[in-house]
Amino acid sequence: AQSVTQLGSHVSVSEGALVLLRCNYSSSVPPYLFWYVQYPNQGLQLLLKYTSAATLVKGINGFEAEFKKSETSFHLTKPSAHMSDAAEYFCAVSDLGNYQLIWGAGTKLIIKP
Amino acid sequence: SQTIHQWPATLVQPVGSPLSLECTVEGTSNPNLYWYRQAAGRGLQLLFYSVGIGQISSEVPQNLSASRPQDRQFILSSKKLLLSDSGFYLCAWSGGNEQFFGPGTRLTVL
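Residues numbered from 1 in each chain as written. Chains lettered and ligands numbered in written order. Predicted model: local features only at pLDDT ≥ 70, side-chain atom pairs only at ≥ 80, totals over all residues. Heavy atoms only, no water.

1. Observations regarding the overall build of chain B
What counts is decided by this rule: Helix and strand labels come from DSSP, where a helix needs a run of H or I of at least four residues and a strand needs a run of E of at least two; each type is numbered from the N terminus. For the radius of gyration, the atom set is restricted to C-alpha positions; the globular benchmark scales as 2.2 Å times the number of residues to the power 0.38. Relative accessibility thresholds used throughout: buried, under 20% of the residue-type maximum; exposed, over 50%; partly exposed, between the two (1.4 Å probe, protein chains only). In short, Shrake-Rupley with a 1.4 Å probe defines the accessible areas, and a residue's cover is counted only from the protein chains shown. When charges are counted, Lys and Arg contribute as positive and Asp and Glu as negative, whereas His and the chain ends are disregarded. A charged residue contributes its charge at one atom only: NZ of Lys, CZ of Arg, CG of Asp or CD of Glu.
Along its length, chain B carries zero helices and 11 strands. Secondary structure of chain B in N-to-C order comes out as β-β-β-β-β-β-β-β-β-β-β. Relative to the globule expectation of 13 Å for 110 residues, the C-alpha radius of gyration of chain B, 13 Å, shows essentially globular dimensions. The buried share of chain B, taken over its 110 residues, is 49%. Taken as a whole, chain B presents about 5,100 Å² of accessible surface, with 53% of it coming from carbon and sulfur. A gap of 10 Å separates the mean positions of the 7 positive and 6 negative side-chain charges of chain B.

2. Remarks on the interface of chain B and chain A
Stated precisely, the cut-off is as follows: We call two residues in contact whenever any of their non-hydrogen atoms come within 4.5 Å of each other. Once two parts are put together, the accessible area they lose, assessed with a 1.4 Å probe and summed over both, is termed the buried area. Counted as salt bridges are all cases of a side-chain nitrogen of Lys or Arg within 4 Å of a carboxyl oxygen of Asp or Glu. Here a polar contact means two N or O atoms within 3.5 Å. Within protein one must be a hydrogen donor candidate and the other an acceptor candidate, and residues neighboring in sequence count only if both atoms are side-chain atoms.
Contacts between the two partners involve 20 residues from chain B and, on the opposite side, 20 residues from chain A. Taken together, both faces of the contact between chain B and chain A bury some 1,600 Å²; the carbon and sulfur share is 51%. Of all residues in chain B, Leu44(B), Asn97(B) and Glu98(B) give up the largest surface area on contact with chain A, accounting jointly for 35% of the area buried on that side. At the surface where chain B touches chain A, the tally comes to one salt bridge. In this structure, the salt-bridge partner of Lys49(A) is Glu98(B), at a minimum N-O distance of 2.6 Å. Seen at the junction of chain B and chain A, the total is seven residue pairs in polar contact (both at pLDDT 80 or more).

3. Observations regarding the nonpolar core
Applicable threshold: Nonpolar cores are built from buried Ala, Val, Leu, Ile, Met, Phe, Trp, Tyr and Cys residues. Side-chain atoms within 4.5 Å join them into one set.
Within the largest apolar cluster, 27 residues are counted, with the highest numbers of intra-cluster contacts made by Trp35(A), Leu48(A), Phe74(A), Leu76(A) and Tyr89(A). Taken together, the elements giving at least two residues each to this core come down to β2 (10–14), β3 (19–25), β4 (32–38), β5 (44–50), β7 (64–68), β8 (73–78), β9 (87–94) and β11 (107–112) of chain A. One finds Trp35(B), Phe74(B), Tyr89(B) and Trp93(B) within the second-largest nonpolar core, a separate group that totals 20 residues.

4. Notes on the sheet that holds strand β3 (residues 19–26) of chain B
Residues and elements named next belong to chain B. For clarity, the cut-off: By this definition, two strands are paired if DSSP reports at least two bridges between them. Axis lines are fitted through C-alpha atoms, for helices just across the contact stretch, and the angle between N-to-C directions can take any value from 0 to 180 degrees.
The strand order across the open sheet built from four strands is β1-β3-β8-β7, with neighbouring strands paired in antiparallel fashion. Strands at the two margins of the open sheet, each flanked by one partner only, are β1 (3–7) and β7 (64–70). Pairs of neighbouring strands in the sheet enclose a mean axial angle of 20°, with direction left out of account.

5. Looking at unusual backbone geometry
Cis geometry marks the peptide bond from Trp7(B) to Pro8(B), where omega comes out at 0°. Positive phi outside glycine occurs at Asn61(A), with the angle close to 60°. Topologically, Asn61(A) is positioned in the loop between β6 (56–58) and β7. Asn61(A) gets classed as partly exposed once you look at its relative accessible area, which sits at 41%. Here the phi dihedral of Asn30(B) falls at roughly 50°; this positive angle occurs in a residue that is not glycine. Structurally, Asn30(B) is set in the loop between β3 and β4 (32–38).

6. Description of the state of the cysteines
The following threshold applies: Two cysteine sulfurs form what is called a disulfide whenever their separation falls within 2.5 Å.
According to the stated counting rule, one finds two disulfides over all chains in the structure shown. Put simply, Cys23(A) and Cys91(A) are joined by a disulfide, and their sulfur atoms are 1.9 Å apart. When the S-S torsion is -65°, as for the bridge of Cys23(A) with Cys91(A), the disulfide is left-handed. Highlighted residues: Cys23(A) in strand β3 and Cys91(A) in strand β9, separated in sequence by 68 residues. Exposure class is identical for Cys23(A) and Cys91(A). Each is buried. Cys23(B) shares a disulfide with Cys91(B); S-S distance 2.0 Å. For the disulfide bridge between Cys23(B) and Cys91(B), the dihedral angle about the S-S bond is near -75°, and by the sign convention the bridge is left-handed. Placement of Cys23(B) in strand β3 and of Cys91(B) in strand β9 (residues 87–94) is noted, with a sequence separation of 68 residues between them. With relative accessibility at 1%, the residue Cys23(B) sits in the buried group. Classification of Cys91(B) as buried rests on a relative accessible area of 0%.

Here it is, written out as structure tokens:
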């Protein structure tokens, strides 16, 4: 069965520093991959998605993620953190033709001033 | 464009009382619909999903139930709430692979 691992339940970075949130999936077949962001007491918002068109995917708010098949990874990055990036981030994967998503446990991003 | 609504936004209910949370989607037809729960400090737990009217799949056995009386309406219910039902309930829809989420309902059971 598919699984998604997000390394680190909490990640703390200084404002202006690089943000790196890690996500690894278990499938041997390249699936669809997603990153979502959740601000406190709000629903999840799609940040970006990988659908096999390009390995480097750009999303909203300056975030991007790179799909690496050999490492089964889809890490999320942002060159310079802003205070407004403080939120919880979820990685998810779906199989082709399967309308369910397998979710990671989430990573809470903390931005230090 | 598509929008998804959930209500109420916040709910405080006593143990043993009934529950009804409603989710509606606008701007799309025949969506897949999902109910998730986030308990404090925990990730997303899929509770139910539906691929069509009257078609409900349950992912976790519990005292909750779901119904889909209309194409774009999804209802989460309980006859008797437990303390462990407290959490943040999210409805989502999809027409392809990605899911789009509603604003959520914060349920506190006392």
